[in-house]
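# Structural features, examined
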Amino acid sequence: MKLRNAGFTLIELMITVALLGVLLLWAIPNVTVFIQNARMSSVSNELIADISIARQEAQRRGRPVTICASSDGLTCLNGTPDWMEGWIIRAPTATLGTVLVIKYTNQPEGPSTVRKVTGIGTQASVTFSPSGTAGATAVIQFRDNRAGSGDLTQRNLSVNFVGRPLLEKVAG
């Protein structure tokens, strides 16, 4: 009767560990890019949802409603603000000179994939009329300078005169 050894040899185990190491070296950067893309999509989709809410509120209330960049949740930032500080949806009230903040979206603390969200030109806000149309065409840029690679990933969120948001990737 012949004894059979069951199991793996040391050489087989070393080859398996080396192959796993090579696979991990290939997979880890891809997972990082996936996470960065998911974070950018999350922020852009949240802003699209809030733009739709602002448009619906303007139609429901029969008054103009504005969505604008805000750092404090009460007032709009002027010029070309960084939308990554947050944004508010606000509407005028019946009382002269006062506004009601309908929703405040504050971006989370900590590292963010999206480094800069800016309006082009002086577009710091989008105002919807009671009919749901936007007062002007707006473009908000999502820019992500990928850490360590120097690559720039960009998406443009545009709102046309009809009030329809459109998100598109910019080749670069």
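Above this note sits the structure.
From a predicted model like this one, the values you see are computed outputs, not experimental measurements.

Moving on, we come to the state of the cysteines. For the coordinates displayed, the defined rule picks out one disulfide. Here Cys68 connects covalently by a disulfide to Cys76, the sulfurs 1.8 Å from one another. In this structure the cystine formed by Cys68 and Cys76 twists about its S-S bond by roughly -65°; its chirality is therefore left-handed. For the pair Cys68 and Cys76, a shared accessibility class is recorded, and that class is buried.

Turning next to the nonpolar core. Ranked by size, the top nonpolar core spans 23 residues in total, and within it Leu47, Ile67 and Phe128 carry the most contacts. Of all the secondary structure elements, the ones that give two or more residues to this core are helix 1 (10–61), strand 1 (65–69), strand 2 (87–92), strand 5 (125–128), strand 6 (138–145) and strand 7 (152–159). By residue number, the principal contributor to this core is helix 1, which donates seven residues. Beyond its immediate sequence surroundings of up to four residues, Leu47 is in contact with Ile67, Trp83, Trp87, Ile140, Phe142 and Leu157.

Attention now moves to the pattern of salt bridges. Enumeration according to the criterion identifies three salt bridges in this entry. Across the pair Lys103 and Asp50 runs a salt bridge, and its minimum N-O distance is 2.6 Å. Here Lys103, found in strand 3 (residues 99–105), pairs with Asp50, found in helix 1; they are 53 residues apart in sequence, far enough to count as distant. Classification of Lys103 by relative accessible area gives partly exposed; the value is 30%. For Arg60, the salt bridge is made with Glu57, and the minimal N-O distance between the two is 2.9 Å. Of this pair, Arg60 and Glu57 are both found in helix 1, three residues apart, which corresponds to roughly one turn of the helix. The exposed category is assigned to Arg60, whose relative accessible area is 58%.

Here the focus is the environment of Glu85. Residue position: Glu85 is located in the loop between strand 1 and strand 2. Taking the C-alpha atoms as reference, Glu85 lies 8.9 Å from Thr105; in sequence the two are 20 residues apart. Apart from the residues lying within four places of it in its own chain, the contact partners of Glu85 are Ser70, Ser71, Leu77, Tyr104, Asn106 and Gln107.

A few words on the pairing of strand 5. A regular strand places its side chains on the two faces of the sheet in alternate fashion. Residues Val126 and Phe128 point to one face of strand 5 and are all buried, whereas Ser125 and Thr127, pointing to the other face, are not buried. Both strand 1 and strand 5 contribute to a ladder of four bridges, which runs antiparallel. Paired with Val65 across the strands is Phe128, a residue of strand 5.

This brings us to the sheet that holds strand 1. Taken in spatial order, the four strands of this open sheet run 3-2-1-5, and their pairing is antiparallel. Taken across any chain shown, the strands that pair with only one partner, and hence form the sheet edges, are strand 3 and strand 5. Strand after strand, the sheet turns through a mean of 20° between neighbouring axes, direction not considered. Across four bridges, strand 1 lies against strand 2 in antiparallel orientation. Considered in strand 2, the bridge of Ile67 is made with Ile89.

The rules behind each value
Along each chain, residues carry numbers from 1 onward, in the same order as the chain's sequence is written. Local features in this predicted model are restricted to residues whose pLDDT is 70 or higher, and side-chain atom pairs enter the listing and the counts only when it is 80 or higher, whereas totals over whole chains, interfaces and linings include all residues. Heavy atoms from the whole structure form the basis of all side-chain values; hydrogens and water molecules are not counted. Cysteine sulfurs are considered disulfide-paired once they come within 2.5 Å of each other. Residue burial is assigned from relative accessible area. The probe radius is 1.4 Å, only protein chains are included, and a residue is buried under 20% of its type maximum, exposed over 50%, and partly exposed in between. For the purposes of this section, nonpolar cores are sets of buried Ala, Val, Leu, Ile, Met, Phe, Trp, Tyr and Cys residues that join through side-chain atoms within 4.5 Å. Put simply, DSSP marks the helices as runs of H or I at least four residues long and the strands as runs of E at least two long, and each gets a number from the N terminus on. Whether two residues are in contact is decided by their heavy atoms: any pair within 4.5 Å suffices. Salt bridges are counted wherever a side-chain nitrogen of Lys or Arg sits within 4 Å of a carboxyl oxygen of Asp or Glu. Strands were regarded as paired on the criterion that DSSP finds at least two bridges between them. Axis definition: a line fitted to C-alpha atoms, limited for helices to the stretch in contact. Angles are taken between N-to-C directions and run from 0 to 180 degrees.

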